[in-house]
Structure formats: structure tokens, C-alpha cells
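Examination of the molecular architecture
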Amino acid sequence: MKIAAIGGGVIGGGWIARFVLSGHDVTVFDPHPEAERIVGEVLANATRAWQGLFQAPLPRSGRVVWASSIAEAVADADYIQESVPERLDLKHRIIAEIEAAAPASAIIGSSTSGFKPSELREAARHPDRIVVAHPFNPVYLLPVVEVVGGGAAAQRASEVLTSVGMKPVRIAREIDAHIGDRLLEAIWREALWLVNDGIATTEEIDDIIRFGFGLRWAQMGLFETYRIAGGEAGMRHFLGQFGPALKWPWTKLMDVPDLDDALIDRIAGQSDAQSGAHSIRELERIRDDNLVGIFQALKANDWGVGQTVRAQEDAFYAREVAAPSGYPLELHQTRVAGGWVDYNGHMTEFRYLQVMGDATDAFLIHIGLDAAYRAQGRSAYTVETHIRHLAEVKAGERLTVRTRLLGHDQKRFRLHHAILRDDGTEAATGEHMLLHVDTDAGRAVPMPSLLLAALDRIAAQDSTPHPEHAGQGVRAIRQSEAIA
Ligand SMILES: NC(=O)C1=CN([C@@H]2O[C@H](COP(=O)(O)OP(=O)(O)OC[C@H]3O[C@@H](n4cnc5c(N)ncnc54)[C@H](O)[C@@H]3O)[C@@H](O)[C@H]2O)C=CC1
Ligand SMILES: C[N+](C)(C)CC(=O)CC(=O)[O-]
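Residue numbers here run from 1 along each chain, matching the order of that chain's written sequence. Whichever chain is written first is A, and whichever ligand is written first is 1; the rest continue in order. In keeping with the model being predicted, local features are shown solely for residues with a pLDDT of at least 70 and side-chain atom pairs are shown and tallied solely at 80 or more, while totals for entire chains, interfaces and linings include all residues. Hydrogens and waters are ignored; side-chain quantities use all the structure's heavy atoms.

Time to look at the pairing of strand β4 (residues 79-82). Alternating positions in β4 separate into two faces, Tyr79 and Gln81 on one and Ile80 and Glu82 on the other, with burial throughout. By the bridge criterion, 4 bridges tie strand β1 (residues 3-6) to β4 in an arrangement that is parallel. Directly across from alanine 5, in β4, lies its bridge partner glutamine 81. The pairing criterion for strands is at least two bridges between them, as found by DSSP. Put simply, DSSP marks the helices as runs of H or I at least four residues long and the strands as runs of E at least two long, and each gets a number from the N terminus on. When β4 meets strand β5 (residues 107-110), the two strands line up parallel, connected through 4 bridges. Residue pairing across strands places glutamine 81 opposite glycine 109, the latter belonging to β5. Buried means the residue's accessible area, taken with a 1.4 Å probe over protein chains only, is under 20% of the maximum for its type, while exposed means over 50%, and partly exposed covers the values in between.

The immediate surroundings of ligand 1 are formed by 21 residues, with Ile11, Asp30, Glu86, Lys91 and Ser113 found nearest. We define a polar contact as two N or O atoms separated by no more than 3.5 Å, with the added condition that, inside protein, one atom must be a possible hydrogen donor and the other a possible acceptor, whereas residues neighbouring each other in sequence contribute only through side-chain atom pairs. The contact in question runs from an oxygen atom of ligand 1 to an N or O atom on the side chain of aspartate 30, over 2.5 Å. Between ligand 1 and lysine 91, the relevant distance is 2.6 Å, taken from an oxygen atom to a side-chain nitrogen or oxygen of the residue. Residue burial considers only the protein chains on display, and all accessible areas are found by Shrake-Rupley using a 1.4 Å probe. Protein coverage of the free-state accessible area of ligand 1, which is 830 Å², stands at 76%. Elements with a contribution of two residues or more to the shell around ligand 1: α1 (10-21), α4 (88-101) and β6 (130-135). Each residue gets one of three labels, nonpolar for Ala, Val, Leu, Ile, Met, Phe, Trp, Tyr, Cys and Pro, charged for Asp, Glu, Lys and Arg, and polar for the others, Gly among them. The residue inventory of the shell around ligand 1, partitioned by class, reads 9 nonpolar, 9 polar and 3 charged. Throughout, the term near means that a residue has one or more heavy atoms lying within 4 Å of the molecule or strand in question.

Under the present numbering, the feature "binding site: NAD(+)" (unreviewed entry) in UniProt falls on Gly7, Gly8, Gly9, Val10, Ile11 and Gly12. Two residues qualify as a contact provided that any one of their heavy atoms is within 4.5 Å of a heavy atom in the partner residue. If we skip the residues at most four places from it in the chain, glycine 8 touches Gly13, Ile16, Asp30, Ile38 and Val39. Mapping glycine 12 onto the fold places it in helix α1. We classify glycine 12 as buried; its relative accessible area is 0%. UniProt positions are given in the numbering used here, feature names are shortened, and annotations may be inferred rather than shown by experiment.

Turning to helix α2 (residues 35-53), a few remarks are in order. The span you would expect from a helix comes to 1.5 Å times its residue count less one. In this model α2 runs 26 Å from its N-terminal to its C-terminal C-alpha over 19 residues, within 8% of the 27 Å that 1.5 Å per residue would give. Residues of α2 that are buried include every one of Ala35, Ile38, Val39, Val42, Leu43, Asn45, Ala46, Ala49, Trp50 and Leu53, and no others. With its buried residues spanning 165° around the axis, α2 presents them on a single face. The arc in question is formed by the directions pointing from the helix axis toward the C-beta atoms.

Here we take up the packing of aromatic side chains. Geometrically, a pair of aromatic rings is defined through the distance of the ring centres and the angle of the planes. The rule is short: rings of Phe, Tyr and Trp, with Trp giving its six-membered ring, pair when the centres are within 6.5 Å, and they are stacked under 30 degrees, edge-to-face over 60, tilted in between. In this structure the tally under the stated criterion is 9 aromatic pairs. Ring centres of tryptophan 50 and phenylalanine 54 lie 5.1 Å apart, and the angle between their planes is 75°; this geometry places the pair in the edge-to-face category. Of the two residues examined, tryptophan 50 and phenylalanine 54, each falls in the buried class. The interplanar angle of 35° and the centroid separation of 6.0 Å between the aromatic rings of tryptophan 50 and phenylalanine 316 together place this pair among those described as tilted. Of this pair, tryptophan 50 sits in helix α2 while phenylalanine 316 sits in helix α13 (residues 305-320), and the two are 266 residues apart along the sequence.

With respect to spatial proximity, the complete set of residues near ligand 2 consists of Ser113, His134, Phe136, Asn137, Asp181 and Leu184. Here histidine 134 contributes a side-chain N or O atom positioned 2.7 Å from an oxygen atom of ligand 2. Within the backbone of asparagine 137, an N or O atom sits 2.9 Å from an oxygen atom of ligand 2. In isolation ligand 2 has 320 Å² of accessible area, and contact with the protein removes 52% of it.

Turning next to the UniProt feature "domain: 3-hydroxyacyl-CoA dehydrogenase C-terminal" (unreviewed entry) in the protein chain. In this numbering, the UniProt entry assigns the feature "domain: 3-hydroxyacyl-CoA dehydrogenase C-terminal" (unreviewed entry) to residues 179-244. Helix makes up 79% of residues 179-244 and strand makes up 0%, while its end C-alpha atoms are separated by 24 Å.

Tracing the backbone through its elements, the reader meets histidine 24 in the loop between α1 and β2 (26-29). Relative accessible area serves as the criterion here: at 15%, histidine 24 is assigned to the buried category. Those residues within four positions of histidine 24 in sequence are excluded, and the remaining contacts are Met1, Ile3, Phe19, Gly62, Arg63 and Val164.

Right, let's get into the domain arrangement of the protein chain. For every domain, the bounds stem from an assignment made automatically or drawn from a database. Per the domain assignment, the segments of the protein chain are domain 1 (3-178), domain 2 (181-277) and domain 3 (320-483). Here the C-alpha centroids of domain 2 and domain 3 sit 51 Å apart.

Detection works on a 1 Å grid of protein atoms alone, calling trapped sets that fit a 1.4 Å probe cavities and calling open sets with protein on both sides within 12 Å along at least five of seven lines pockets, with lining residues defined by an atom within 4 Å of a point. Grid points are joined across faces, edges and corners, and a volume is the space filled by probe spheres set on the points. Going through the model one piece at a time under the given rule, you end up with 1 cavity of 30 Å³ or more. Here the largest cavity is characterised by a volume of approximately 50 Å³. As for the largest cavity, its lining consists of Arg18, Leu53, Phe54, Tyr140, Leu141, Pro143, Gly165, Phe295, Val305, Thr308, Val309 and Gln312. In the lining of the largest cavity, the residues fall into 8 nonpolar, 3 polar and 1 charged.

Structure below.
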């Protein structure tokens, strides 16, 4: 699938990163003189975030290809994401340029925060192919995307966006600012009033959100949270108790404070005092690390965005295990991430096990022990591991894992992984015993014939002698070997 991005700013950069990290080449046009640097920095932060977020091996990244015009960028695109500044005249001009050069079948998704599809389509030649695909910042982490504008294009856009780990929410009736920004606008206006009126500083408002209800929203949203707040009688009681307050003059939502120089200075000054010690890129990394932690907690609870992360990991595993050729099996390749390197300047010890664990997961999928199989209450647990660390590996190095099946019976199988560097030297070997288990009962059970047949087929290929170190533990230190 060919992807084009028109505009590579805050949101365009996030889109580019999501597509590239999902394995797509993205052709980009952005006339900003520093667009390449900006997109490069966003992509670096996004890569770092994905490496922290996913346990599964990431797909091989796509490339960013820079085009010198919109026509060049979209010439053979299947999906085009428009993320130019929020001005309708500009969006009309860009859409006209896209339409003049893109294949007739290409879908155009607009990142617009506020414009309706009918507005974007006003001057279009093929209006049906234009939809709103409104994301939230950071696009490479937050999955939700509001898809507005019905028909086949919205369906196709949703499929494309789902394939890169997003959660499209289809909005049937177009309204200004869709749904997310309608909600955010309400709270944003109220916050501006509170600062304008000297009631609270930017920091105090943010503290009330981040130490309070903001934490709730990441996992349950508004209505489910308020249902609980109604106590055992739930939502009806909540509405009965707090409904009347809606008519009291709590809010100033109908009105907007005048964003004059004094208010802008006040907000910008307070924001500098609150957050000015960090650059924007640092703040992005802090935000991303916190989001990754929240995502992982929700994944452990199999809830909300955690389910999206899990589904994406399953897709990564499945994609990686394309039919291997030859034996030993080469089912997993990875690159040493910067964050994997320790104070000694090389890949730290537990990352070797991670690489081997990823290779084991790839092997499991290869024999048919995949997510669908696990959903039936059967899985494989590793019960013993012996790793030999043989060579240092540095950040950025590519690693390939060669896997052998050293033995199996009805309930067990014994794997041997060799992690190879690009020059063919062994960086590590690992031997692992796995049990086939009934996950509900928590005990080993025989494998079904399908898995056994797959193991038999692989075992038949394992014709060379086992490595000398196979079956050995960590050696004892003999006195005779002591260095004087
Ligand atoms: N910033 C945010 O939080 C969000 C923004 N959006 C929407 O995304 C769109 C882009 O907003 P941002 O990324 O924030 O703006 P931005 O100002 O960061 O980026 C806009 C980019 O478009 C480029 N550009 C300008 N004219 C162009 C042209 N003729 N062809 C190609 N590129 C061109 C600019 O050089 C710039 O890099 C807007 O429609 C906005 O409403 C959507 C969700 C969140
Ligand atoms: C400020 N904004 C209207 C551009 C914000 C958005 O559109 C969504 C977001 O990421 O908050």
C-alpha cells in the first residue's frame, strides 16, 4: 500500500511516524525549509516510544521519501493523509492539487480538527473519496481517529487506519469539530476563563486534571466513570443527584474570553514557569514514556487501549512469521535499540532473553500456537532457560535468530536459539524448555495432533548433531583454573 503525507508538522509528522513504524514507505511533501529535520526528530521520538510500548518485535520500518511537489508525492498513492494548517482555503487548494495528480482510486483523509467533510468537498472533482480522519496528538501513540463522511471511502480509510493500529470511530452525522474537539473545546474555554479571571494558574488547572479526573479518563471515559459515581444505583441516581446542577451557573461555556495580549502574556508566562525547563522534544518524550506506562498497565488488565496494543502485537507476530526457508529456522530479526544498551555501552543482559523470547513466540506461531489457539485456553510456558553471552552487540546492530528444535514429546519441546550478528558471529545462544499447558487448569497437557505434526515435521529437518553446549548448565569454577 502506497501512503502519501501532505504536511509534516506536529500532526503530519505523527502520521508519518505511525505509517513508517508500521512498515510502510511514506512519500511526503512539506515546503517548510526544516521539514526533514522536524519529521526526523518526531520519528526518532516515535521509534523510541514504540520500542518501549510493544513486547512484540516491531515490523521492519518503512522509509520516508521526500517529494518536491504534491503531484510527485501522490502520483501512485493509495491513501493520502492531508495535514496542512487549519485554513479552509488552503485545504481546498491542496485537495485540488492532490486530485489533479493522484490515482482516481486514492482515498484522501484530512486531519482537520474542525471542518466538516461537506466543507472540504466543496470544490472537489471526486468528493466521495474525501473523508475527515481526525487524529489526536501524538498520532503515533493514541489510536483513536474520528472518521467522518460515510460511504466506501470512509470504510476503506477505516481499514487502512486499523491496519496501522488505530481505532477508527465512524461518525455518521457531520458536525463542526467532530466529537473529541467539541468536548475538549468545552474544557479549554472554561480553563481560559479560570486563568483570565485569576482563579487559577495553568499549573493549578493541570494539577487538578493530572492528579484527578484525567487519570480516570484514560481508562473509562466520562459516562462509565459517572455511572460508578452514582453508587449502587448507577447512572439514574447520578443524573438525579447532579442533573439539577447543570442549570446552576457553574460554567461560562456560552462565552469565550477575549484572547487579548494581556491574557496571552499571562497564559504563556504561566506556561513557561510551569514547563519551560524542558524543550518541546523533551516534553514529548516525558509524555510518551508516561503514555507507554499507562498503555502497559491497561494491557495487563486487558482493558481499553491495552486491548488495542495487544491486537497490534498479535498482528506484528503474525506478520513476522512469514514462511521461512531452510533450516535452522530464521523466524526473527531485530535491531538493537538505543534503550537496550547499558552503562557498559553494549546490549544489556536481559535484552538477549527478550530477543530469544521473541524468537520463541515466532516459533510458536510458526507451529500454529498463535493468538487464536491461545484463546482456547492452551499455551506454552517456558520452564527452563540457559543463555550463553558470547559477544557484545552495539546499538543499531541487526540481529538474526536461528532456531533449532532439539527435541519434543507429547507435552514438551526443547528449543535452541543462536543470535547472529550481520557478520555471522554468534552473539549468544539460548536453550529453552517449554511446556504445553492448559492455562485455566495451570498444568501441562498433551499437545493436539496438529501441533505435534508441526513439531514432527521440523524435527525431521534437524539432522546435524546437537551443539556441544546443549544440555549443559553454568560450569562450576574449579580451583585449578584460578588465575594467580
Ligand atoms: N496540533 C494538533 O494538536 C492537531 C492538529 N490537527 C489538525 O492537523 C492539521 C495540521 O495541524 P498541525 O500539524 O498542528 O500544524 P503544523 O503547523 O504543525 O503543521 C502544518 C504543516 O503543513 C505544512 N504546509 C503548509 N503549507 C503546505 C502545503 N501547501 N503543502 C504541504 N504542506 C504544507 C507546514 O509547513 C507545516 O509543516 C490541521 O488541520 C489541524 O487542525 C489534528 C489533530 C490535532
Ligand atoms: C487543538 N486541536 C483542536 C488541534 C486539538 C485536536 O484537534 C486534537 C488533540 O490532539 O487534542
